[in-house]
Amino acid sequence: MPSPLRVLSIATLFPDAARPNFGLFVEKSLRALAAQRGIELTIVAPVGLPPFPLSLHRRYRALRELPTTEQRNGLTIFRPRFTLIPRYGARFNPARVARAVLGAVRDRKFHVVDAQFFYPDGPAAMRVADALGLPFSAKARGADISHFGHDPATRLQVIEAGVKAAGLLAVSEAMRGEMAAIGIDAQKVAVHYTGIDIARFHPGDHAAARAALGMDDAPAILTVGALIPRKGQALVIAALPALPGVHYWLAGAGEEEARYRALARELGVETRVHFLGPVANADLPQLYRAADAVVMPSASEGLANAWVEALACGTPIVISGAGGAAELVTSPVAVRIVERTPQAIAEAVKTIFAAPPAPAEVAASLAGRFDWDRNGRELADHLRRCAGA
C-alpha cells in the first residue's frame, strides 16, 4: 500500500468555541478531505490577537481561552497565536501566520501545503512551503480576491502566491476569471464547488417551519449573512415599501445593524424588519424552509454557501449577478438574477410570489452538483497533483 499523502492545511477561517459559524464551510471541506483514502491531514487554524494590552480587552477573552490543540469532529486542530494589528495590519498577517504555523508543526513532515483562503492563508502557505521545501496550493473564495487582490497593501502578495503555487482552486468559474483579471494564470486554477449536506438541507414542511419560528402568515423574505455593506441588506429594506405586507428576516450580525434599523424606521417599515442575530448552522434549514424567498443582492461573492443551502431546502433565491451566480441557474423558477436596485429586487420577489415554485423543483435545480464527498475527492486529487508537481 502506498504511503499516505501528508497534507498541512492552513485555515485562518475555521470554527471554534468562540465563533461556531466562522468558516464552517472550510471545516466541512477538510472533513471531507480527511475522509478520503490515503490522506493524512494536519490542520493549523491560527488565532489572531492584538498586541498587549489590547489583547486583554473583553472582546478577545473567548479567543484567548481557546485551546492551542483540540479535537473537533474527528479532526486534530492546532491553534497557535499570531499578533494581529486591527484594521491596519493586513499586509503583515501572512508573515505572522507563517511563523505561527511553523512553530506549531516543527516536528512534523509533509508532502504539500494547502491554504484554505487566499489571503492571508495563501501568502502564508507560500512562506511555509518555502521554509519546508514543499509545493503549495491556495483556494480563492470571494473577498480574498475581490478585496485583498485589489488593495494596494496586499495585492502583490496575492499575485506572488498565485504565481508560485503548484496549483490553485476557485469556488466558481467567475472567481477563476477574477483571479485571471489581477494577473494570476487561469490555467493553474481549477474550479472547486462547495458541498451541501443533503441529509440536513432538503425541502420540508413550510407551515411547520414557520410555526416553529413564531412567524405568522405574512409573506417572508430572508437574507443570511453578515450585516455589512457588501451583502446588500440595505437594498432589500429599501425594496419593502414596494412590497406591502412582506416581512424581512435578517440572519446574521455586523457593523451595519444600527444603520439598517435606522433606515427601516425612516422608510416606515421597521415593524416588518426582523433582526435574528447570528443563527447556528444547525438551525438554518428550518429558517430557509420558513421563508418564501431568500434575497441576497451582494456586491461581490465567490459562490455563496447560503445560495446553495437555500436552493437545497427548496426556497427560490433572488440574487445579484455577483461571482458565480450565473453558474447556479439551471431553472428560472429557482434563481432570479437582478440588478442591485430596490426596484429590481421588489419586482423579482413579486414574480416569485405570483407563481411560487414547488420546493422539490427548486431543490432539483442543483442537479447533484454540490456534494461534500465529491468536494473531498476533488481536493484530494488536486493536492496529489500539487505534491507530484
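Right above here is the structure, for reference.
Residues numbered from 1 in each chain as written. Predicted model: local features only at pLDDT ≥ 70, side-chain atom pairs only at ≥ 80, totals over all residues. Heavy atoms only, no water.

Engineer: Honestly, the overall build of the chain in this entry has me stumped. Any pointers?
Structural biologist: Tallying secondary structure elements over the chain gives 15 helices and 16 strands in all. C-alpha atoms of the chain, sized along the principal axes, occupy 60 × 50 × 40 Å. Sorting the 389 residues of the chain into buried and exposed places 53% on the buried side. Counting only contacts in the chain whose residues sit at least 6 apart along the sequence, the fraction spanning at least 24 positions is 71%. Of the roughly 16,600 Å² of accessible surface on the chain, a fraction of 55% belongs to carbon and sulfur atoms. (Helix = DSSP H or I, 4+ residues; strand = E, 2+ residues; numbered from the N terminus. Buried < 20%, exposed > 50% of the residue type's maximum accessible area, 1.4 Å probe, protein only. Contact = heavy atoms within 4.5 Å. Areas by Shrake-Rupley, 256 points an atom, 1.4 Å probe, with all protein chains shown as cover.)

Engineer: Just checking my understanding: could you explain the packing of aromatic side chains for this structure?
Structural biologist: Aromatic ring pairs are defined here through the distance separating the ring centres and the angle between the ring planes. Applying the stated criterion across every chain yields a total of three aromatic pairs. For the pair Tyr-119 and Phe-148, a centre-to-centre distance of 4.9 Å together with 25 degrees between the ring planes defines the contact as stacked. Residue Tyr-119 is located in the loop between strand S7 (112-115) and helix H4 (121-132), and its partner Phe-148 is located in the loop between helix H5 (143-146) and helix H6 (155-164); the two are separated by 29 residues in the primary sequence. The same class applies to Tyr-119 as to Phe-148, namely buried. Relative to Tyr-288, the ring of Phe-201 lies with its centre 6.3 Å away and its plane at 55 degrees, an arrangement referred to as tilted. (Phe/Tyr/Trp six-rings, centres within 6.5 Å; stacked < 30°, edge-to-face > 60°.)

Engineer: Could you clarify how one ought to interpret the packing of helix H1 (residues 24-34) against helix H15 (residues 372-388) in this entry?
Structural biologist: It is at 7 Å that the axes of H1 and H15 come closest, and there the two elements cross at 70 degrees. By the criterion of interaxial angle, the relationship of H1 to H15 is roughly perpendicular. Of H15, the residues touching H1 (which contributes Phe-25, Lys-28, Ser-29, Leu-30, Ala-32 and Leu-33) are Trp-372, Asn-375, Gly-376, Leu-379, Ala-380 and Leu-383. Residue composition of the contact of H1 with H15, by class: eight nonpolar, three polar and one charged. (Axes fitted to C-alpha atoms, helices over the stretch in contact; angles between N-to-C directions. Parallel < 35°, antiparallel > 145°, perpendicular 65-115°, else oblique. Nonpolar A, V, L, I, M, F, W, Y, C, P; charged D, E, K, R; others polar.)

Engineer: Looking at this structure, I do not really get the sheet that holds strand S14 (residues 293-296). What am I missing?
Structural biologist: Strand pairing in a sheet takes place through backbone hydrogen bonds and is either antiparallel or parallel in direction. Strands sit in the order S13-S12-S11-S14-S15-S16 across an open sheet of six strands; the sheet is parallel. With one partner strand each, in any of the chains shown, strand S13 (273-277) and strand S16 (335-337) form the two edges of the open sheet. Ignoring which end each strand starts from, the neighbouring axes of this sheet average 20 degrees apart. The sheet contact formed by S14 and strand S15 (residues 317-319) spans three bridges and is parallel. Following the sheet pairing, Met-296 is matched in S15 by Ile-319. (Pairing = 2+ DSSP bridges.)

Engineer: Just checking my understanding: could you explain H1 for this structure?
Structural biologist: Most of H1 sits out of view: eight of its 11 residues are buried. By the burial criterion, the buried members of H1 are Leu-24, Val-26, Glu-27, Lys-28, Ser-29, Leu-30, Ala-32 and Leu-33. Against strand S1 (5-10), strand S2 (39-44), strand S4 (69-72), strand S5 (75-78), S7 and H15 lie the buried residues of H1.

Engineer: Honestly, the pattern of salt bridges in this entry has me stumped. Any pointers?
Structural biologist: Any two side chains of opposite charge can pair, given that their charged atoms come close. A complete count under the given rule lists 14 salt bridges for this structure. The partner of Glu-160 in a salt bridge is Lys-164, and the shortest N-O contact between them spans 2.8 Å. Taken as a pair, Glu-160 and Lys-164 lie in helix H6 at a separation of four residues, close to a single helical turn. Judged by relative accessible area, which is 32%, Glu-160 ranks as partly exposed. Note that Arg-210 is salt-bridged to Asp-292, the shortest N-O span being 3.4 Å. Here Asp-292 lies in the loop between helix H11 (284-290) and S14 and Arg-210 lies in helix H8 (residues 206-212), a separation of 82 residues in the sequence. Residue classification places Arg-210 among the buried positions, given a relative accessible area of 8%. (Salt bridge = Lys/Arg side-chain N within 4 Å of Asp/Glu carboxyl O.)

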